[in-house]
Amino acid sequence: MLVDKQNKSYCIRPDKPDVNWAPDDENYLFVNESTKEGRVLMDKIIQHAPYFDFVLDEHNQLVDITPTERPEEALEAVQSAKLAELSAACSQAIIAGCDVELSAASGNISLTAEDQINLTAALNAVKQGAAGYPYHLDGQLCAVFSAADIRQLAQAAASHKLYHTTYYNHLAAWVRCSETAEEVQAITYGTALPEDLAANMANILGGVETENEEL
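Residues numbered from 1 in each chain as written. Predicted model: local features only at pLDDT ≥ 70, side-chain atom pairs only at ≥ 80, totals over all residues. Heavy atoms only, no water.

What to know about the overall build of the protein
Along the protein, the regular secondary structure elements total six helices and nine strands. A compact globule built from 215 residues should have a C-alpha radius of gyration of about 17 Å, whereas the protein, at 29 Å, is more than 25% larger. A principal-axis box enclosing the C-alpha atoms of the protein has dimensions of 90 × 40 × 25 Å. Counting the 215 residues in the protein, one finds 31% classified as buried. (Helix = DSSP H or I, 4+ residues; strand = E, 2+ residues; numbered from the N terminus. Rg over C-alpha atoms; globule rule 2.2 N^0.38 Å. Buried < 20%, exposed > 50% of the residue type's maximum accessible area, 1.4 Å probe, protein only.)

Observations regarding the side chain of H160
By secondary structure assignment, the location of H160 is in helix 4 (residues 147–177). Ignoring anything within four residues of it in the chain, the contact list for H160 reads A93, I94, G97, C98 and L111. (Contact = heavy atoms within 4.5 Å.)

What about a negative patch on the surface?
Negative charge collects at one region of the surface, where E69, E72, E73, E179, E182 and E183 lie side by side. In this structure, E183 sits in helix 5 (residues 181–185). (Patch = residues over 30% accessible without salt bridge, like charges linked within 9 Å, V, L, I, M, F, W, Y side chains within 5 Å. Areas by Shrake-Rupley, 256 points an atom, 1.4 Å probe, with all protein chains shown as cover. Salt bridge = Lys/Arg side-chain N within 4 Å of Asp/Glu carboxyl O. Lys, Arg positive; Asp, Glu negative; His and termini not counted. Charge placed at Lys NZ, Arg CZ, Asp CG, Glu CD.)

Considering the packing of aromatic side chains
The relative placement of two aromatic rings is captured by the distance of their centres and the angle of their planes. Under the definition given, this model contains three aromatic pairs. Arranged with centres 5.4 Å apart and planes meeting at 75 degrees, the rings of F52 and F54 form a pair that is edge-to-face. Ring plane angle 75 degrees and centroid distance 5.0 Å describe the contact between Y167 and Y189, whose orientation is recorded as edge-to-face. Residue Y167 is located in helix 4, and its partner Y189 is located in the loop between helix 5 and helix 6 (195–206); the two are separated by 22 residues in the primary sequence. Residue classification places Y167 among the buried positions, given a relative accessible area of 6%. Taking relative accessible area as the criterion, Y189 reaches 22% and is therefore assigned partly exposed. Among the aromatic side chains, those forming a connected cluster through ring pairs are Y163, Y167 and Y189. Note that K8 overlies the ring of F52, its terminal NZ or CZ placed 5.5 Å from the centroid. (Phe/Tyr/Trp six-rings, centres within 6.5 Å; stacked < 30°, edge-to-face > 60°. Lys NZ or Arg CZ within 6 Å of the ring centre and 35° of its normal.)

A word on the environment of S87
Within the secondary structure, S87 is located in helix 2 (residues 75–96). Judged by relative accessible area, S87 falls into the partly exposed class, the value being 31%. Each C-alpha atom of the pair S87 and Y168 lies 6.9 Å from the other, and the pair is 81 residues apart in sequence.

So, in structure tokens, the structure goes:
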């Protein structure tokens, strides 16, 4: 391994683990990868580069490094990455669907985009007077569900989707008002909201018409 003295970048040649192939000794330091000590030092350099100081012996040979503090990532970049992570988790939670208890069956309904389209079509048919409509629960045979069961399916799906989109919205607000990268990184999908956000979310969900069926 060769380490640039100026920018502390490194280069490894598997074919020359114990050969100093540097074009000059003024700009590079050599690590002998064939020794146990050298491999430990190499791993340490890879882990901390370029945030370290060189430790040299009396012959100006590299024997160790002293890690230095890494600069904190720009808060905006951390927030942006976290929002993308939470958004993806929200989408997956919606797609996973929810459990339903119907008059004729019980099970889980997935809510992919296609599932939501199909369920909306079933609901529209019922609203137009159909006594039932073909649908299926996950892993179960397709059957004609009664109008009441179709409405219950739609209501369960709408409530499930509303909960997760509202929860994500409040997580996003929490991320945006966080003041450090550490605070942002600690927020994960499923984390309990702070008291004020939790109360606001409860008020929003509590104020929604329970008979809402729109997906």
